[in-house]
Amino acid sequence: MDLVEVQFPGAGRTVFVQPGTTLLAAAGAAGVDWPTGCTRGMCGTDAARLDAAAGELAPPAEPERGTLDRMGLDTGCRLLCSARVQRGRIVVLGDALAD
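Since the structure is predicted, the reported quantities are computational estimates derived from the model, not experimental observations. (Residues numbered from 1 in each chain as written. Predicted model: local features only at pLDDT ≥ 70, side-chain atom pairs only at ≥ 80, totals over all residues. Heavy atoms only, no water.)

Caption draft 1: Representation of the nonpolar core in the model. Within the largest apolar cluster, 27 residues are counted, with the highest numbers of intra-cluster contacts made by Val6, Phe8, Leu23, Leu80, Val85 and Val92. In terms of residue count, helix H1 (residues 23-30) provides more of this core than any other element does, five residues in total. Non-local contacts of Phe8, meaning those with residues more than four positions away in its chain, are made with Arg13, Val15, Leu23, Ala26, Ala27, Ala30, Val32 and Val92. (Core = buried A, V, L, I, M, F, W, Y, C linked by side-chain atoms within 4.5 Å. Buried < 20%, exposed > 50% of the residue type's maximum accessible area, 1.4 Å probe, protein only. Helix = DSSP H or I, 4+ residues; strand = E, 2+ residues; numbered from the N terminus. Contact = heavy atoms within 4.5 Å.)

Caption draft 2: Region of interest: the pairing of strand E5 (residues 89-95). Relative to E5, strand E1 (residues 4-8) is paired through three bridges, and the arrangement is parallel. Bridging across to E5, Val6 finds its partner in Ile90. Across four bridges, strand E3 (residues 47-51) lies against E5 in antiparallel orientation. Residue pairing across strands places Leu50 opposite Val92, the latter belonging to E5. (Pairing = 2+ DSSP bridges.)

Quick look at the structure:
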């Protein structure tokens, strides 16, 4: 099984994790402190803007999909507590609400 590269350019950190790892767990493994709330995909505190090709992340499921819709965030955004890596390289560009 190939590891997935997750980059946090704002923190100058990169980590390699197993497929199925959440981006929040990847942030913790990289030593990146990311704000969180409920960690169940409902509050939206950990919404982030990402650079990831199709298939590099598992598709959003409920309740994450509903939270992203409620927040009006586009497909380039995910909740770090819910988004699971699958393959390739994912770049966490920053807070989805900061732009």
